[in-house]
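Close look at the chain arrangement
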Amino acid sequence: GFARFWDIVSFLVDNESLPVNDETVLDLIEAAWLLECPDVFDAIVESNFVRSLSSRRRAELLEHILPFTAASSPAESQTQLGERDDVMEAFSAPDNAGEEFIRLFSLETSMWQRTEKMALELAAQLDSGDFVLGPRLATGSLRVCTELLRLQRRR
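Here goes a summary of the coordinates provided. (Residues numbered from 1 in each chain as written. Predicted model: local features only at pLDDT ≥ 70, side-chain atom pairs only at ≥ 80, totals over all residues. Heavy atoms only, no water.)

Moving on: the packing of aromatic side chains. In the structure shown here, the tally under the stated rule is two aromatic pairs. Their ring planes at 25° and their centres at 6.4 Å tell us that Phe2 and Trp6 sit as a pair that is stacked. Of the two residues, Phe2 and Trp6 both sit in helix H1 (residues 2–14), four residues apart, roughly one turn of that helix. Phe2 gets classed as exposed once you look at its relative accessible area, which sits at 64%. Aromatic pair Trp33 and Phe68: ring centres 5.2 Å apart, planes at 55°, arrangement tilted. Residue Trp33 is located in helix H2 (residues 25–34), and its partner Phe68 is located in helix H5 (residues 55–71); the two are separated by 35 residues in the primary sequence. A residue is classified by how much of its surface remains accessible, and Trp33, at 24% relative accessible area, is partly exposed. Judged by relative accessible area, Phe68 falls into the buried class, the value being 12%. (Phe/Tyr/Trp six-rings, centres within 6.5 Å; stacked < 30°, edge-to-face > 60°. Helix = DSSP H or I, 4+ residues; strand = E, 2+ residues; numbered from the N terminus. Buried < 20%, exposed > 50% of the residue type's maximum accessible area, 1.4 Å probe, protein only.)

Written as structure tokens, this is what we have:
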């Protein structure tokens, strides 16, 4: 709610540290995704809290993050961008419309990359006993699920 929003504003505007802990981590992840704020994803991954998590807790966090990789993938963002004609109209519109399209596309791409990176970093740090392939790990984007399979094969 409002407390997490205020934490994020303080982090972005006042350069305060993001209070990532067991009570806030899931809310912060959801807020970062909803606000489309890649810097918050980075701060969460680099936080002392996430670094100190047990392998089992990392697996739980990974399961929570995976659906965000599917929702923020380029294929899913097509519904937000509209049909191809709408995209072409953005380029034929005045300069500021094309620039706005590029800015939004860049932001969405950055969000997708950061959520993917967060999921794969968590997966890479799991113990073999906690890295169990199953339905819960199949909720991410096709690309992330493929990377999870590659990680599992390497083990």
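Continuing now.
A grouping of Phe2, Phe5, Trp6 and Leu35 is seen on the molecular surface, where their side chains present a nonpolar patch of about 480 Å² in accessible area. On the accessibility criterion, Trp6 (49% relative accessible area) is partly exposed. (Patch = residues over 30% accessible without salt bridge, like charges linked within 9 Å, V, L, I, M, F, W, Y side chains within 5 Å. Areas by Shrake-Rupley, 256 points an atom, 1.4 Å probe, with all protein chains shown as cover. Salt bridge = Lys/Arg side-chain N within 4 Å of Asp/Glu carboxyl O.)

Our next topic: the environment of Cys145. Here Cys145 is to be found in helix H9 (residues 142–154). Distance in space between the C-alpha atoms of Cys145 and Ala119 is 10.0 Å, their sequence separation being 26 residues. Apart from residues lying up to four places away in sequence, Cys145 is in contact with Leu137, Ala138, Thr139 and Gly140. (Contact = heavy atoms within 4.5 Å.)

Another point: unusual backbone geometry. Although it is not a glycine, Asn15 sits at a positive phi angle of roughly 60°. Take Asn15: it is sitting in the loop between H1 and H2. Note on Asn15: relative accessible area 68%, which makes it exposed. Backbone geometry places Glu36, a non-glycine residue, at a positive phi of 50°. Mapped onto the elements, Glu36 comes out in the loop between H2 and helix H3 (38–45). With a relative accessible area of 28%, Glu36 lands in the partly exposed category.

Relative to the elements of secondary structure, Arg58 occurs in helix H5. The side chain of Arg58 sits in the buried core without any salt bridge; Glu121 is the nearest counter-charge, 7.7 Å away. Among residues more than four places away in sequence, those in contact with Arg58 are Val50, Arg51, Ser52, Leu53, Leu122, Gln125 and Leu126. (Lys, Arg positive; Asp, Glu negative; His and termini not counted.)

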